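Observations on the three-dimensional arrangement
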Amino acid sequence: MNHYSISRFHLFLLLFLVTDLAFAQKKQVPLKAYFKKDFLTGVAIRRNYTDGSNVKAQKLIVEQFNSISPENDLKWGALHPRPGIYRFDYADQYVDFGVKNHMATIGHTLIWHSQSPEWIFKDDQGLQIGREALLKRMQDHIETVVGRYKGKIKGWDVVNEAFNDNGTFRETKWKTIIGEDYIEKAFEFAQQADPGCELYYNDYNLYNPAKRASVLKLIKRLQARNIKIKGVGEQGHYSLVFPNITSIEKILTDFEPLGVDVNFTELDIDVLPRAGREITAEVSASEGYESKYDPFKKGLPDSVTLQLAKRYQSIFSLFVKYRKMVGRVTFWGLTDGASWLNNFPVRGRSNYPLLFDRNYQMKEAVYQAITGK
Ligand code: GLA
C-alpha cells in the first residue's frame, strides 16, 4: 500500500464508523415496543398505506404501531353507498393488512350522523321512514359489516358523536326517527353480530363536564341492559394548550369507577392559531383562509416543535399514569402531510400535529419527550 491508498483506506474507515454511529444513535425503540406494557399504539390508515403503493408509510406503520384504525373506509357512506350495494374492496384490504401484520384492527364507525348517505332515512318515494324501518336498516348494516369481519376486527366504534357539547342529544336523523334508544339498539345489534368483539362509544371533548356527564349516564344505561361496553373513546383532537391536563385527567377518573377503558382514539395536536373559537372537532365547522392563521407555511420553527414535544410529553405521562384503563392511544394520521388538520377548520394550511413530518421522519424532539430516550 502506498501512502495515498492508506490514507484513503483510513478515510473510508472513518466514514464508515461515523455513518454507523449516526445510524446507531438514530435507532430508536419503536413506539409499540416502548409502550408495550402500557397500551396499544395505533395510527389512522389511508387506502394507499394498505394497497402497497405507499411503501414508506407501510414500512413505518408496521415498524412503529400495533393497532390501526381506518380513517374513512369503514364508515357507512364508503361501505354502503346505496340501498343493497356494499363496497368492501378497501375495507377488506384494510382488515387483511391488520390481520396479516398481527395488529389490533379497529372498526370505525357503525353509526354516525356524518358521512352517512341520505337514502338511509328515506323510502323509495323520498319520504322519511319510521322507527321500525330505520331500526331494520341499522340492524342489516351492522349484521352485514360486523358479521363480515367477525373475529378479525378487535373492536368497533359502535356510535360516534351522539351528544352536543352541552350534554344534550345531538338531533341526528338516528335520534329523531328512532328515539334516544337508538344507541342501545346499535350496541345490541353489534353484540349479536360478533359477541367476541369489543364495543366502544366514541366522541370528542369528553373533557367537557356536561358532555361527559351524558356519556357516563349512557354507559350506565348500557351496563344495566347487560351490554358489554368495553370502552369509551376520547378522540383527543387537542391544541398546544387546550384542554389542560387536569381536565383530561378528569375523563379518566370519572370513567374509572364504571370499569370501562378510556382510549384516546384520534390523537393529534393542532399547532396553528384558531380564528377565535374554542377548539372543537365538529366536522361541519369551517372558517375562511387568512394568512395570519397559517404562519408556518415554510416549516415549523424549533421553538414550536419544542412546545409540541412538551405537550405530547405531558399528555403521554397522563396516559402512562392511567395505563391500567387506557387500552389504546391512536394518532389520527401518520404524517403531518396526511393530517385532516391541514384542511380543518380552514382549508389549505400547513399544520404539524403528528409524530412524523412530511418526509416520514420521526420528530426526534417529540419521540424523546414521550419516551424520555
Ligand atoms: C371525527 C371522526 C373521524 C374523522 C375526523 C376528521 O373525529 O370520528 O372519523 O372523520 O372527525 O378527520
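Along each chain, residue indices are assigned from 1 in the same order as the chain's sequence is written. With the structure being a predicted model, the display of local features is reserved for residues of pLDDT at least 70 and the display and counting of side-chain atom pairs for 80 or more, all residues being used for whole-chain, interface and lining totals. Based on all heavy atoms of the structure, the side-chain values leave hydrogens and waters out of the count.

What follows covers the site of the ligand. The criterion for a residue being near a molecule or strand is simple. One of its heavy atoms has to lie within 4 Å of it. Around the ligand sit 13 residues, and of these K75, H108, N160, Q235 and E266 come closest. Whenever two N or O atoms come within 3.5 Å, that pair is a polar contact, provided that in protein one can donate a hydrogen and the other can accept it, and provided that, for residues adjacent in sequence, both atoms are side-chain atoms. Between an oxygen atom of the ligand and a side-chain N or O atom of K75, the distance comes to 2.8 Å. Between the ligand and the protein, one listed contact pairs an oxygen atom with a side-chain N or O atom of N160 at 3.0 Å. Relative to its unbound accessible surface of 300 Å², the ligand loses 95% to contact with the protein. Looking at the shell around the ligand residue by residue, the classes come out as four nonpolar, five polar and four charged. Surface exposure here means Shrake-Rupley accessible area, sampled with a 1.4 Å probe, where a residue is shielded only by the protein chains that are shown. In this classification, Asp, Glu, Lys and Arg are treated as charged, Ala, Val, Leu, Ile, Met, Phe, Trp, Tyr, Cys and Pro as nonpolar, and every other residue, Gly included, as polar.

Take the packing of aromatic side chains next. Where two aromatic rings form a pair, the distance of their centres and the angle of their planes describe that pair. Aromatic pairing here means that ring centres of Phe, Tyr or Trp (its six-membered ring) are within 6.5 Å. Orientation follows from the plane angle: under 30 degrees is stacked, over 60 is edge-to-face, and everything else is tilted. This structure, assessed with the given rule, holds 22 aromatic pairs. Arranged with centres 5.0 Å apart and planes meeting at 20°, the rings of F35 and F39 form a pair that is stacked. F39 matches F35 in its accessibility class, with the two residues each being buried. For the ring pair F316 and F319, a centre distance of 5.3 Å and an interplane angle of 65° mean the geometry is edge-to-face. With F316 and F319 both in helix α12 (residues 302-321) and three residues apart, this pair spans about one turn of that helix. An aromatic cluster is present here, built from Y34, F35, F39, F65, F264, Y312, F316, F319, F331 and F356 joined pairwise through their rings. We count a charge as sitting over a ring when the NZ of a lysine or the CZ of an arginine lies within 6 Å of the ring centre and within 35 degrees of the ring normal. R47 extends its terminal NZ or CZ atom over the ring of Y90, reaching a point 3.6 Å from the ring centre. The classification of residues rests on relative accessible area computed with a 1.4 Å probe and restricted to protein chains. Under 20% of the type maximum is buried, over 50% is exposed, and intermediate values are partly exposed. Helix and strand definitions here come from DSSP, where helices need a minimum of 4 consecutive H or I residues and strands a minimum of 2 consecutive E residues; each element is numbered from the N-terminal end.

As a further point, take the packing of helix α11 (residues 245-255) against α12. Direction vectors running N to C along α11 and α12 enclose 25°, while the axes themselves pass 11 Å from each other. Looking at the two axes, α11 sits roughly parallel to α12. In this structure, the crossing between α11 and α12 has a hand that is right-handed. From α11, I245, I248, E249 and L252 reach across to α12, where they touch R311, S314, I315, L318 and K321. Considered class by class, the residues forming the contact of α11 with α12 number five nonpolar, one polar and three charged. Orientation is described by axes fitted as lines to C-alpha atoms, over the contacting stretch for helices, and by angles from 0 to 180 degrees between their N-to-C directions. When describing relative orientation, an angle under 35 degrees is termed roughly parallel and one over 145 degrees roughly antiparallel, while 65 to 115 degrees is termed roughly perpendicular and anything else oblique. Two helices that cross are described as forming a left-handed crossing if the nearer one is turned anticlockwise from the farther one by less than a right angle, and a right-handed crossing if clockwise. In what follows, residue pairs with any heavy atoms lying within 4.5 Å of each other are defined as contacts.

Below, the discussion takes up the pairing of strand β6 (residues 229-234). Where burial is concerned, most of β6 is hidden: five out of the six residues are buried. For two strands to be treated as a pair, DSSP must find no fewer than two bridges joining them. For strand β5 (residues 198-203) and β6, the ladder comprises five bridges, and the chain directions are parallel. Note that in β6 the partner of Y201 across the bridge is V232. When the strands point away from the viewer, a crossover counts as right-handed if the path from the first strand over the helix to the second runs clockwise. Traced from β5 through helix α10 (residues 209-224) to β6, the parallel crossover comes out right-handed. Here four bridges tie β6 to strand β8 (residues 261-270), and the two strands are oriented parallel to one another. Looking at β8, one finds that G231 is bridged to D261.

Every case where a carboxyl oxygen of Asp or Glu lies within 4 Å of a side-chain nitrogen of Lys or Arg is listed as a salt bridge. Tallied over the full model, the rule gives 24 salt bridges. Between D73 and R47 there is a salt bridge, with its nearest N and O atoms 2.9 Å apart. Here R47 lies in helix α3 (residues 47-50) and D73 lies in the loop between β2 (67-70) and α5 (76-79), a separation of 26 residues in the sequence. Looking at R47, the relative accessible area reads 37%, which means it is partly exposed.

This part covers unusual backbone geometry. Cis geometry is found at the peptide bond from H108 to T109, where omega equals 5°. Among the structural elements, T109 can be located in strand β3 (residues 104-111). Between F242 and P243 the backbone carries a cis peptide bond, its omega angle lying at -5°. Along the polypeptide, P243 turns up in the loop between β7 (237-239) and α11. One non-glycine residue, E161, adopts positive backbone phi at about 55°. You can see E161 is positioned in the loop between β4 (155-160) and α8 (173-178). You can call E161 buried: its relative accessible area is 3%. Even without being glycine, Y360 reaches a positive phi, approximately 65°. By secondary structure assignment, the location of Y360 is in the loop between β9 (328-331) and α13 (364-371).

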